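# Coordinate inspection notes
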Amino acid sequence: MKSKSILFLFVLLFIQKAFAESVNISQIDNSSLLLDQNIRVYISITDNKGLPIKRVDEGKITVSESSDEKNFKKVKVQSFKPEANYERGINFLLLLDNSGSMYFDLNGRETSDEEKTRISQAKRAVIEFINSIKNPADKVGIASYNSYYEVYSMPVSDKNKIINYLDEIKKPSGEEGWTEIYSSLYLAAEDFSQISGRKAIIILSDGENRPFYVHTGKPHRDFGKKVFKYQEAIEKNIIEGVSVFTINYGNPADKKDSGLKSISYNTGGVVFDAYNEEELKSVYSKIRERILSEIMITYKAGMEPAEKKYVKVEMTASDNSKVSSTRYYISSMIFGMPLKESTPWLLLAILIALLLLWLLSMIKFKNRNTQPLLEILDAPRGTIVSRTLALTKNQTVIGGSKNADLTILNAPSVKEEHATIVFDQKTQVYALKSKEDVLVNNKPVKTKILESGDVINVGGTTIVFDEGEIKKKR
Amino acid sequence: MSTLMKRVFLCIIGLLAGLASWATVELIIIQQAKFPSYLLFSITLGVIVGIFMSGFFGTSEGIFLADGSKIIKGIITGIIVGTIGGTAGFLIGQAILFAAGNNLAHSVSDINKIALPLTRTIGWSILGIFIGITEGIRSFSFRKIKVGFLGGMLGGITGGLAVEYLPRILDNLLVARLVGFLSFGFFIGIFYGIIEKTFSLGILKLLNGKYKGKEFLINQKRIKIGSSSWSDIKLSDYEDIDPIHAEIFVKRKNVNIRNKSKESIIKVNDDITEQKELKFEDVIQIGSAKFIFKYS
């Protein structure tokens, strides 16, 4: 008797818990964080019968933010907008299971009556759902998955177009019939990145995730040997701001995918079970009602550096108990996370940069040459051997001969001994002498006393005469 | 210093500017929590980078000319222009992000992967433009401003992409940020140098004296040569040079020289000249200094 009472109390508690008022963060929109510091949190509130509540006293709701999921700091709510999604509409992407098992009847048996297959029932439910949408701001898209994810149309206003696309969902053949749930949800979220506003994927599934590679041992056409984890689908949908609503369709005895449940829970969606066509039709409407009744809360975000920021929405229920929901949004800056603390190395780096700049400014690039020399300024390729020639002799011959002091090769216009630089010991002066005209400072001459910086052109080779420090010796 | 050496120097200055900017940005982002908004935080980072980059690049011309007063003026101009550039760079990038808004980015990942790096790269290129035009503003040269605009923009785009995308490629964020900033400075230096040389109408190369070998690009409409700090080519260790002795000027894309001194002469190819259009390998003598004119 005692054990029966305990069991009764336990069941009572379970029922009470199962149908207590609840608050759920369905989406966090941080896309305008950089522009206006605002975070928009969409919450759905359900009553003790599990039905959505459209309006609630603002005073019963508190919002707090945390960088570590432990220490939450209450934030000031900027605005509180019930039924936030009605005006701007909802973008639905209906993701239908098109695996082999969807062509069985509800009891999992093969059937010759196509109308009794799960896929036909699902298509009829989808048509009813689409026809029930009267808000022109709502948009619907359609995609299917089996071994491969296929999108027929991303959300559009033209509902008939989507209904027509249902005919394109054909029975899979051969190895097409596996069930890639996680990868498909990942790809669907990726496709959703092109669309703004409130985004929801409604995925219909009649079983578990059965990846192509795991079951066939063959690399997948699109991902090779990669097998998607449900956590990847969660992360992707959170980043893209998509809520995943799951409909488990089929026989109550069918196995349900636990990862899919987790995806829905973590992305702000809900899991529904539907065991016949009528239930399926009502589930689609429930999901839409639930999203429509969402409340949008706007608040100014804090500036603590974090890769993720956790948002907690807490509500005082009618029995004064507290119910809450926590989710995170991505808050990393483009430069990434800062160092934990300042380090002297950073100051040192600044000082080193400044010091090196100062040292650069000290370099004067002075001419250190003290000897008289000839320096080749420009020469056609392959005509000279070295760039400089020290003037150590009293006579320095420039010419095409190999015996010349400065040989200019492969230049037909250059004579064997084209010009000579003569040093007069008495006057300590260098002069150029030649039988032919030689360009010195762009002017043809046969003789010229050279000054430092004079430019001699011999057969296209430009030579500069540099006196060095000779003047000091005079 | 040859024009090649000048380009190497510009790259070194760019790397040093990148090092200083990186370290300062690291010190600022540690203080992120103290900022009132992400917008102000980001603008502050832009201003800091602008000040360091423009300040460092502002010294470049003074360093090439070995002119201390030009270095100081360059730093001051650089800090002012960099502050404006950093703010403008980020705000314009931000404005584009506003304008593009929902048309470009529909989700956080869109914003983080495409819109934000793209618009911020535009911001970096605008910052690059301001860094590039610093010298043009200091020397009141429209031609130099044009060169700086193009060089700074190309460097800013390339460097900006490095700053934005390297942290996504490299695992060590600190290293990625350092490499990103070094790349930003380096690319501005390299592109400024390339554009400056490409757009110049010729080179004057010193042939004698203490600064023999130093090359001066003809990249502005008027270049004053003399011993004064006001001259663009300052000849401080040469004899018989007046404060403003000669002027190189560009007329219908031809380079000319004229004597600006009443007391002293100038020579072109050993002939006393008042004004002359320069031809390839003409030798100019101003006081004891000799230059050769070459096409760049």
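Because the structure is a prediction, the values reported are computed rather than measured.

The secondary structure content of chain B amounts to seven helices and eleven strands. Residues classed as buried in chain B amount to 59% of the 296 residues present.

This part is about the confidence of the model for chain B. Of the residues in chain B, 92% have a pLDDT of 70 or more, and the chain-wide mean is 84. If you check the scores for this complex, the pTM reads 0.69 and the ipTM reads 0.83.

Moving on, we get to the nonpolar core. Counting 56 residues, the largest nonpolar core has B:Leu16 and B:Phe56 as its most contacted members. For this core, the secondary structure elements donating two or more residues are α11 (344-362) of chain A together with α1 (3-29), α2 (38-58), α4 (68-104), α5 (108-138), α6 (142-169) and α7 (173-199) of chain B. Broken down by element, the residue count for this core peaks at 13 residues, all from α7(B). Filtering out sequence-adjacent residues up to four positions away, B:Leu16 remains in contact with A:Ala353, A:Leu356, A:Leu357 and B:Phe56. Listed in part, the 55 residues of the second largest apolar core include A:Leu94, A:Val244, A:Phe272 and A:Val283.

Quick look at the sheet that holds strand β11 (residues 242-249) of chain A now. Residue and element names in this part refer to chain A. Across the sheet, which stays open at both edges, the six strands sit in the order β9-β8-β7-β10-β11-β12 with mixed pairing between neighbours. Looking at which strands have only one partner, the edges of the open sheet turn out to be β9 (149-156) and β12 (271-274). The mean angle between the axes of side-by-side strands here comes to 15 degrees, regardless of whether they run parallel or antiparallel. Pairing of β11 with β12 involves four bridges; the strand directions are parallel. What sits directly across from Tyr249, in β12, is Ala274.

What follows deals with α6(B). The end-to-end C-alpha distance of α6(B) is 39 Å, a good match for the 40 Å that 28 residues give at a rise of 1.5 Å each. The sharpest bend along α6(B) reaches about 30 degrees and sits at B:Val163, with the proline B:Pro167 one to four residues further on.

All names here are of chain A. Within strand β1 (residues 22-29), seven of the eight residues are buried, leaving the element largely enclosed by the surrounding structure. Where β1 and strand β2 (residues 38-46) come together, seven bridges link them in antiparallel fashion. Residue pairing for β2: Asp29 is matched across the bridge by Arg40.

Here we come to the environment of A:Ser331. All names here are of chain A. On the secondary structure map, Ser331 appears in the loop between β15 (322-330) and α11. Along the primary structure Ser331 and Ala301 are separated by 30 residues, whereas in three dimensions their C-alpha atoms are 9.6 Å apart. With residues near it in sequence (within four places) discarded, Ser331 still touches Asn30, Ala306, Glu307, Lys308 and Lys309.

Facing the 56 residues of chain B at the interface are 48 residues of chain A. Contributing elements (two or more residues each) for the side of chain B that touches chain A: α1, α2, α3 (60-64), α4, α5, α6, α7 and β11 (289-294) of chain B.

Residue and element names in this part refer to chain A. Burial along strand β13 (residues 295-300) is one-sided: Ile295, Ile297 and Tyr299 are buried, while Met296, Thr298 and Lys300, pointing the other way, are not. In this sheet, β13 lies alongside β2 in antiparallel orientation, the contact comprising six bridges. The residue of β13 that forms the bridge with Asn38 is Lys300. Across four bridges, the pairing between strand β6 (residues 77-81) and β13 is antiparallel. Looking at β13, one finds that Lys81 is bridged to Met296.

Time to look at the sheet that holds strand β3 (residues 222-226) of chain B. Residues and elements named next belong to chain B. If you walk across this open sheet you meet the five strands as β4-β3-β5-β6-β9, and the pairing is mixed. Edge strands, defined here as strands with exactly one partner in the open sheet, are β4 (233-234) and β9 (275-277). With three bridges joining them, strand β6 (residues 254-259) and β9 adopt antiparallel strand pairing. For Arg258, the partnering residue across the bridge sits in β9 and is Gln275.

The rules behind these values
Residues numbered from 1 in each chain as written. Chains lettered and ligands numbered in written order. Predicted model: local features only at pLDDT ≥ 70, side-chain atom pairs only at ≥ 80, totals over all residues. Helix = DSSP H or I, 4+ residues; strand = E, 2+ residues; numbered from the N terminus. Buried ≥ 20, exposed ≤ 12 C-beta atoms within 10 Å, placed from the backbone. pLDDT = per-residue confidence, 0-100. Core = buried A, V, L, I, M, F, W, Y, C linked by C-beta atoms within 7 Å. Contact = placed C-beta atoms within 7 Å. Pairing = 2+ DSSP bridges. Axes fitted to C-alpha atoms, helices over the stretch in contact; angles between N-to-C directions. Expected span 1.5 Å × (residues − 1). Bend = angle between axes of the 7 residues up to and from the residue.

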